[in-house]
Amino acid sequence: MKISILWASMFGNAEDVAHNFEDIARKRNHEVDLLELNDVTADKLQEMKLAVVVTSTTGDGDLPHNGEDFWDWLENSETKFENLTYSVCALGDSSHHHFCGAGNKVNNKLNELGAMQLKNIIECDGDDEGSEEWFKELLKEIE
């Protein structure tokens, strides 16, 4: 099954996690598309079967700049994504009021639009600790 890894990153951490996920998946012979969130349209998302969203949080629980366009249309979308299975890896800092707010917003909206969550969201605090193990467990569920 093709895995679409979608990322938004302010300082590069979420992008690094997405690239790590890509490497792990390719080593296990999965076909992978790696896309910046702002490059994902509703039509592209509609075509995906499995998406892993990796995003950091900035500001007041917001997506980074390279995920804002994606969030703007997703937040206002009523499109049903019933053929999409997804999981979210959220990076944040628990000292902020909206810990992992961006990832949680995307996770909740995809669920609301009928997408099926494969694995519960992982919230990484201050770094990417636990993300690699989480992704490997996700792969076991589809292999």
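The structure we're discussing is the one just above.
Residues numbered from 1 in each chain as written. Predicted model: local features only at pLDDT ≥ 70, side-chain atom pairs only at ≥ 80, totals over all residues. Heavy atoms only, no water.

Comments concerning a negative patch on the surface
On the surface, Asp 16, Asp 93, Asp 125, Asp 127, Asp 128, Glu 129 and Glu 133 cluster together into a patch of negative charge. Along the chain, Asp 127 falls in the loop between strand E6 (122–125) and helix H5 (131–142). (Patch = residues over 30% accessible without salt bridge, like charges linked within 9 Å, V, L, I, M, F, W, Y side chains within 5 Å. Areas by Shrake-Rupley, 256 points an atom, 1.4 Å probe, with all protein chains shown as cover. Salt bridge = Lys/Arg side-chain N within 4 Å of Asp/Glu carboxyl O. Lys, Arg positive; Asp, Glu negative; His and termini not counted. Charge placed at Lys NZ, Arg CZ, Asp CG, Glu CD. Helix = DSSP H or I, 4+ residues; strand = E, 2+ residues; numbered from the N terminus.)

Considering the nonpolar core
Judged by nonpolar contacts, the single largest core of 22 residues is most densely connected at Leu 6, Leu 45, Met 48, Leu 74, Leu 84, Val 106 and Leu 110. Listing elements by their share of this core, those giving two or more residues are strand E1 (3–8), strand E3 (50–56), helix H3 (65–75), strand E4 (85–92) and helix H4 (101–112). Not counting residues within four places of it along the chain, the set of residues in contact with Leu 45 comprises Leu 6, Val 40, Phe 70, Trp 73, Leu 74, Phe 81, Leu 84 and Leu 110. By size, the runner-up hydrophobic cluster in this structure holds 21 residues, among which are Trp 7, Val 17, Leu 91 and Cys 124. (Core = buried A, V, L, I, M, F, W, Y, C linked by side-chain atoms within 4.5 Å. Buried < 20%, exposed > 50% of the residue type's maximum accessible area, 1.4 Å probe, protein only. Contact = heavy atoms within 4.5 Å.)

Some remarks on unusual backbone geometry
Of note, Asn 29 is a non-glycine position whose phi angle comes to about 65°, a positive value. Within the secondary structure, Asn 29 is located in the loop between helix H1 (13–27) and strand E2 (32–36). For Asn 29, a relative accessible area of 74% corresponds to the exposed category. Unlike most non-glycine residues, Cys 100 shows phi in positive territory, near 55°. By secondary structure assignment, the location of Cys 100 is in the loop between E4 and H4.

Comments concerning the pairing of E1
For E1, the tally of buried residues reaches six of six residues, placing the bulk of the element in the interior. Both faces of E1 are covered, namely the face carrying Ile 3, Ile 5 and Trp 7 and the face carrying Ser 4, Leu 6 and Ala 8. Where E1 lies against E2, five bridges are found, and the strand directions are parallel. Counted as the bridge partner of Ser 4 is Asp 33 from E2. Crossover E1 to E2 through H1 is right-handed. (Pairing = 2+ DSSP bridges. Right-handed = clockwise from strand over helix to strand, strands pointing away.)

Regarding the packing of H1 against H5
Running from N to C, H1 and H5 cross one another at 40°; their axes reach a closest spacing of 10 Å. With respect to each other, H1 and H5 are oriented oblique. Regarding H1 and H5, the two cross each other, and that crossing is right-handed. Taking contact as the criterion, the partners of Val 17, Asn 20, Phe 21, Ile 24 and Ala 25 in H1 are, on H5, Ser 131, Glu 132, Trp 134, Phe 135, Lys 136 and Leu 139. Partitioning the contact of H1 with H5 into residue classes produces seven nonpolar, two polar and two charged. (Axes fitted to C-alpha atoms, helices over the stretch in contact; angles between N-to-C directions. Parallel < 35°, antiparallel > 145°, perpendicular 65-115°, else oblique. Left-handed = near helix turned anticlockwise from the far one by under 90°. Nonpolar A, V, L, I, M, F, W, Y, C, P; charged D, E, K, R; others polar.)

What to know about the state of the cysteines
All chains considered together, the criterion is met by zero disulfides. Looking at the unpaired Cys 100, the closest cysteine sulfur is the one in Cys 124, lying at 6.9 Å. For Cys 100, a relative accessible area of 0% corresponds to the buried category. The cysteine Cys 124 is free of any disulfide, with Cys 89 supplying the nearest cysteine sulfur at 4.3 Å. Among the residues examined, Cys 124 registers a relative accessible area of 1% and is labelled buried. (Disulfide = S-S within 2.5 Å.)

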